[in-house]
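Residues per chain are reported as follows:
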Amino acid sequence: MITVYHNPRCSKSREALALVEGSPAVGGSDLQIIEYLKTPPTLADLKRLHKLLGVPVREMIRSNEAEYAELGLADAAMTDDALLAAVAAHPKLLQRPIVVNGDKAVIARPPELANDVL
């Protein structure tokens, strides 16, 4: 199963999704597209994504969104759990797109990074 956390309004997300859909790796696999603004990931989902991505939590967060400043997320004292809870409450903060294939995941920015897990 390949999962793409997708925002159809984002050009990079659309490019990554097109790359995934055109990949031979998807041929026999199920493809799950999660429009995370309509179906926000839970805190448990975000913790699982964090583990699969293997990157600092801050790399999962869009720092250019107004909510980032409003919630004071730039504060270095914020714990990973607090940051993930903020993303769970405000899914717009989730970096996109995220492509998951089994036990591997990548933030596909640029979209070609999706190939790393396909």
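Data block above holds the structure.
An account of the accompanying structure is given in this report.

Conventions adopted
- Residues numbered from 1 in each chain as written.
- Predicted model: local features only at pLDDT ≥ 70, side-chain atom pairs only at ≥ 80, totals over all residues.
- Heavy atoms only, no water.
- Helix = DSSP H or I, 4+ residues; strand = E, 2+ residues; numbered from the N terminus.
- Buried < 20%, exposed > 50% of the residue type's maximum accessible area, 1.4 Å probe, protein only.
- Contact = heavy atoms within 4.5 Å.
- Areas by Shrake-Rupley, 256 points an atom, 1.4 Å probe, with all protein chains shown as cover.
- Lys, Arg positive; Asp, Glu negative; His and termini not counted.
- Charge placed at Lys NZ, Arg CZ, Asp CG, Glu CD.
- Pairing = 2+ DSSP bridges.
- Axes fitted to C-alpha atoms, helices over the stretch in contact; angles between N-to-C directions.
- Arc of directions from axis to C-beta.

## Observations regarding the overall build of the protein
- Of regular secondary structure, the protein possesses four helices and four strands.
- With respect to the principal axes defined by its C-alpha atoms, the protein has extents near 45 × 25 × 25 Å.
- Expressed as a percentage of the 118 residues in the protein, the buried residues total 42%.
- By sequence separation, contacts in the protein at least 24 residues apart represent 64% of the contacts at least 6 residues apart.
- Total accessible area on the protein is roughly 6100 Å²; 51% of this is exposed by carbon and sulfur atoms.
- Taking the 13 positively charged and 15 negatively charged side chains of the protein as two groups, their mean positions are separated by 3 Å.

## A short note on the sheet that holds strand β2 (residues 31-35)
- Spatially, the four strands line up as an open sheet ordered β2-β1-β3-β4, and their pairing is mixed. Here the strands that pair on one side only, and so sit at the sheet edges, are β2 and β4 (104-107). Strand-to-strand twist in this sheet, taken as the mean axis angle between neighbours without regard to direction, amounts to 15 degrees.
- Bridge count for strand β1 (residues 2-6) against strand β3 (residues 98-101) is four bridges, and the pairing is antiparallel.

## Observations regarding helix α1 (residues 11-21)
- Those residues of α1 lying buried are Ser13, Ala16, Leu17 and Val20. The arc that holds the buried residues of α1, viewed along the axis, is 100 degrees, so those residues lie on one side.

## Describing the environment of Asn64
- With respect to the helices, strands and loops of the structure, Asn64 is situated in the loop between α2 (43-53) and α3 (66-70).
- The sequence separation of Asn64 and Leu93 amounts to 29 residues, and the corresponding C-alpha distance is 8.7 Å.

## Some details on the pairing of β4
- Across four bridges, the pairing between β3 and β4 is antiparallel. Note on β4: the bridge partner recorded for Val100 is Ala105.
- In this antiparallel pair of consecutive strands, β3 and β4, the connection spans two residues, and Gly102 shows a positive phi of 65 degrees.

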